[in-house]
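Architecture at a glance
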Number of protein chains: 2
Amino acid sequence: MPSTFRAEVFPARTPAASQIFTTVLSHGPLTRADAARRAGLSAAAVTKAVRPLIEAGYLVEDADVETRPVLGRPANLVRVDGGRALFIGIKITGGEIFGVLTDLCCRVRVARDVPLTARAPKAVLASVAELVRELLTEADGFGVPVLGCGIAVAGEVDRAEGVVRYSPFLDWRDVPLAELAAMTTGLPVTVDNDVRALTVAEQWFGAGVGLSDFAVVTVGAGIGCGLVVHGRVVAGVHGVAGEIGHVVVDPAGPPCHCGRRGCLQAFAGDAEIVARVREVTGTSVTDSAEAVAVAHAGHPGAREVYARAGEAIGRGIATVANLLGPERVIISGEGLAAYDLFAEQIREAFTAGAFGSATRCELLTRPLPFEEWARGAAATAIRSFIRADQ
Amino acid sequence: MPSTFRAEVFPARTPAASQIFTTVLSHGPLTRADAARRAGLSAAAVTKAVRPLIEAGYLVEDADVETRPVLGRPANLVRVDGGRALFIGIKITGGEIFGVLTDLCCRVRVARDVPLTARAPKAVLASVAELVRELLTEADGFGVPVLGCGIAVAGEVDRAEGVVRYSPFLDWRDVPLAELAAMTTGLPVTVDNDVRALTVAEQWFGAGVGLSDFAVVTVGAGIGCGLVVHGRVVAGVHGVAGEIGHVVVDPAGPPCHCGRRGCLQAFAGDAEIVARVREVTGTSVTDSAEAVAVAHAGHPGAREVYARAGEAIGRGIATVANLLGPERVIISGEGLAAYDLFAEQIREAFTAGAFGSATRCELLTRPLPFEEWARGAAATAIRSFIRADQ
DNA sequence: TTCTTTCATTGACAGGGGAAAATAAGCGAC
DNA sequence: GTCGCTTATTTTCCCCTGTCAATGAAAGAA
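Since the structure is predicted, the reported quantities are computational estimates derived from the model, not experimental observations. (Residues numbered from 1 in each chain as written. Chains lettered and ligands numbered in written order. Predicted model: local features only at pLDDT ≥ 70, side-chain atom pairs only at ≥ 80, totals over all residues. Heavy atoms only, no water.)

What follows is about the overall build of chain A. Counting secondary structure elements, chain A contains 12 helices and 16 strands. When the backbone C-alpha atoms are referred to their principal axes, chain A occupies close to 65 × 55 × 40 Å. Counting over 390 residues, chain A shows a buried share of 56%. In chain A, once contacts between residues fewer than 6 apart in sequence are set aside, the share between residues at least 24 apart is 60%. (Helix = DSSP H or I, 4+ residues; strand = E, 2+ residues; numbered from the N terminus. Buried < 20%, exposed > 50% of the residue type's maximum accessible area, 1.4 Å probe, protein only. Contact = heavy atoms within 4.5 Å.)

Residues in contact with DNA strand C amount to 24 residues; listed here are only the nearest, Gly72, Arg73 and Asn76 of chain A together with Ser42 and Lys48 of chain B. With respect to DNA strand C, the side chain of arginine 32 of chain A contributes an N or O atom lying 2.9 Å from a phosphate oxygen. The separation between a sugar or linking oxygen of DNA strand C and a polar main-chain atom of leucine 71 of chain A is 3.4 Å. Every element with two or more residues in the surface near DNA strand C is listed here: α2 (32–39), α3 (43–55) and β3 (75–80) of chain A together with α1 (15–26) and α3 (43–55) of chain B. Examining the composition of the surface near DNA strand C, we find that five residues originate from one element, α3 of chain A, more than from any other. Residues that form the surface near DNA strand C fall into these classes: 11 nonpolar, six polar and seven charged. (Near = heavy atom within 4 Å. Polar contact = N/O pair within 3.5 Å; in protein donor to acceptor, adjacent residues only side chain to side chain. Nonpolar A, V, L, I, M, F, W, Y, C, P; charged D, E, K, R; others polar.)

By a simple turn and slide, chain A fits onto chain B: the slide is 0.0 Å along the axis, the RMSD is 0.0 Å, and the turn is 180°. The transformation just described matches what one would write down for a two-fold rotation axis. No C-alpha of chain A approaches the rotation axis more nearly than that of aspartate 250 of chain A, which lies at 2.6 Å. Looking at the interface residues of chain A, 100% of them are also at the interface in chain B, so both copies use one shared face. (Least-squares fit on C-alpha atoms with pLDDT ≥ 70 in both.)

Attention now moves to the interface of chain A and chain B. In this complex, chain A contributes 44 residues to the contact, which on the side of chain B involves 44 residues. The contact between chain A and chain B buries some 3600 Å² in all, and 63% of this surface belongs to carbon and sulfur atoms. Looking only at chain A, the three residues that lose the most surface to chain B are His230, Leu323 and Phe355 of chain A, adding up to 20% of its buried area. Taken together, the links from chain A to chain B amount to zero salt bridges. Where the side of chain A that touches chain B is concerned, the elements lending two or more residues are β13 (223–229), β14 (232–233), α10 (300–324) and α11 (339–353) of chain A. At six residues, α10 of chain A tops the list of elements feeding residues into the side of chain A that touches chain B. In the side of chain A that touches chain B, the residues fall into 23 nonpolar, 12 polar and nine charged. (Buried area = accessible area lost by both parts, 1.4 Å probe. Salt bridge = Lys/Arg side-chain N within 4 Å of Asp/Glu carboxyl O.)

This part takes up the packing of aromatic side chains. Residues and elements named next belong to chain A. For the structure on display, the rule yields 20 aromatic pairs over all chains. Ring geometry for tyrosine 306 against phenylalanine 342: centres 6.3 Å apart, planes inclined by 40°, an arrangement best described as tilted. In this pair, tyrosine 306 sits in helix α10 while phenylalanine 342 sits in helix α11, placing the two residues 36 residues apart along the sequence. For tyrosine 306, a relative accessible area of 3% puts it in the buried group. Judged by its relative accessible area of 2%, phenylalanine 342 falls in the buried class. (Phe/Tyr/Trp six-rings, centres within 6.5 Å; stacked < 30°, edge-to-face > 60°.)

Domain annotation of chain A identifies domain 1 (15–80), domain 2 (84–201 + 372–385) and domain 3 (209–365). Of note, the centres of domain 1 of chain A and domain 3 of chain A, computed from C-alpha atoms alone, are 40 Å apart. (Domains from an automatic or database assignment.)

Moving on, we get to the side chain of threonine 23 of chain A. Take threonine 23 of chain A: it is sitting in helix α1 (residues 15–26). Discounting residues that sit within four places of it in the chain, threonine 23 of chain A has contacts with Leu30, Arg38 and Ala39 of chain A.

We now examine α3 of chain A. Residues and elements named next belong to chain A. The end-to-end C-alpha distance of α3 is 19 Å, a good match for the 18 Å that 13 residues give at a rise of 1.5 Å each. Within α3 the residues assigned to the buried category are Val46, Ala49, Val50 and Leu53. Seen along its axis, α3 keeps its buried residues to an arc of 100°; they face one direction. Within α3, the exposed residues directed more than 90 degrees away from the buried face are Lys48 and Glu55. Downstream of α3 by a residue or two, glycine 57 has a phi angle that is positive, lying close to 90°. (Expected span 1.5 Å × (residues − 1). Arc of directions from axis to C-beta.)

Glancing now at the protein's contact with DNA strand D. Around DNA strand D, the structure places 24 residues, and the nearest of them are Ser42, Lys48 and Arg73 of chain A together with Gly72 and Asn76 of chain B. The sugar-phosphate backbone supplies 70% of the atoms of DNA strand D found within 4 Å of the protein. A distance of 2.9 Å separates a phosphate oxygen of DNA strand D from a polar atom in the side chain of arginine 32 of chain B. One nitrogen or oxygen atom from the main chain of alanine 33 of chain B is found 2.9 Å from a phosphate oxygen belonging to DNA strand D. Only α1 and α3 of chain A together with α2 (32–39), α3 and β3 (75–80) of chain B provide two or more residues apiece to the surface near DNA strand D. It is α3 of chain B that contributes the most residues to the surface near DNA strand D, five residues altogether.

What follows is the structure, encoded as structure tokens:
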């Protein structure tokens, strides 16, 4: 084995080729003619861009399957060959590390997780390395290379530098995670904020496909928000954006652990909801599931807690819609488990708070499994690999 | 005179040329080498792009003025020849129409305004046509052509179509203003939302020069917000964006004419402030100037009204900063006349509400004269002319 | 069978922008 | 004063990308 080696590199270096690849990636099997129309390019350009991608194995032609237009010659479908390569996605949370092995189409092939107890960078890194090792072992069975690893972390992340600027969960500051993880795993590593990673996955493979402006709002332990404006995920100049959780929804609201009062988080954060349900019911519920159960059982106080949470979320979404005029807002996160308890309030508060045409923004709920976050991390790795710098 | 004529067309059709022109436009006289560095292009590309622009007269070389680098050959400065062409900018408000005649550098050469009484599209259009005619007469004296007219209107505007979708002030719906005004004035007309127009002016000539992410917040009759994300002005998919005025700041706040309670507008809108000052002081102030005077005279109730307005504005800015992570927020509008009455509260509320690195966003006040809005409209006309589709 | 329609490919070609070399123009060392 | 160093600008190729127009393919319709 050579002491230095050249990492596999994606052949589509031109704008057109990269654009066509992502178009095919997002819009499934496409005829070349369709791809040209969608990407606004000539058919000739598609033919030329597709050829090296097929030669390199990233795209394949389904010779057997044909689509017949109403009239004219049948078309050949081109699609991304998911089996061509693998990627690893890692999502670090306070208590666990989730990992997935995905193919080039970002379909999850293997999912694994390990508990996380310590929070020092060194300890976390060791757990990540362990998890990656496991996933790499699994990958051996597929006989194709793992081309990258994406890591998603809550907090402020400088994606370009691969540095975690600040993670409240882990209590990290300026940890050069990409570099460290690349050294221990031997893979090209990208690091990004967790909600933004999830947003990339939605943009390419989920409910954001084809939209230039949309938002993802996640409800769970924290309230997060990923924004896509002009087709690009917003990261902010300092690596912070989409901080909807600490937007003050009601200055007279409950105190938040951040020191303010009435943050969205204080109304709709997981722990906060549980605490308030415990308070108003006098029970001793300790987690979300129990709190939801109490509300489902019909306790009016508990229901009210959820109603107020929904109201706050809807108001937050209205703010996003008013400011950015997105086409759609995708609501997701573990908090959706209680969705029936506040769905109506979200919609009402949104409609009441959205101004003018912002009301035309579509609200959509997507109950995404938790591994979806790790999948988002893999999506960022794929993005780096195919150099879709957006 | 021919029955049809060809409108003057800007020669820089390539991305590089357009980029270099806007770079020179924004960053004043520049050496070719500097322009290349700023635009991330080769020096050769600049030379090639600049030549036709100089030939067409849009750029000029200041042969006399030279900059000497510490070492090496002196450089020649290139700048936009403002006197090469004129543009008209029109800002329509409820009671007046403001118009400016600017040069290619968007410097105001003539400012005019006419009162506006009727609000029907036809009547407004007649006033606009009258104002444009006056400005065109003024333009004759300069001996250079007027190449376009930009019109700025508050409300929802479809810039691409040139249609005012909804203007609450004028009570317009789906008025194809660009087409109508183009017919009556004989000029190429662009129509845009007023705050977005102002934002373009700031982006190219004001405090937004060189920034990829910033916001403009205007305080006055209404509270507006223009957003620049990834170097582009955000317009939203339905032509609505930056609607910060009706973001609910405090659900227990005063009622707003929009039907909600505690909108930013209800705290900090001009009319609302005047009404509340009247209320708390028992005086009969009727306009901003009087209200400010009362507060300046030291009336504690009046001061409190301004303090609360500042708090609300600061909270709104914090929300923008949390969501988008801009580098700077430019505060402007007639409301700045009372700035000393709420400057502190704005900053305090912003600092209290901004999360993490969002606090690093810089707040800047820019007392812009009212004609600045019309200048913004002219800037949109220039943008159309030079085809900087952003 | 022939025409029409749509898909795909090819080859010629234009133009944009880069690299490298050439030219220009100062400054300081000698 | 000349030489060499440095930076600015221009020139001269030249690659490369993407479009155009022409061609071929493969249906269904007349």
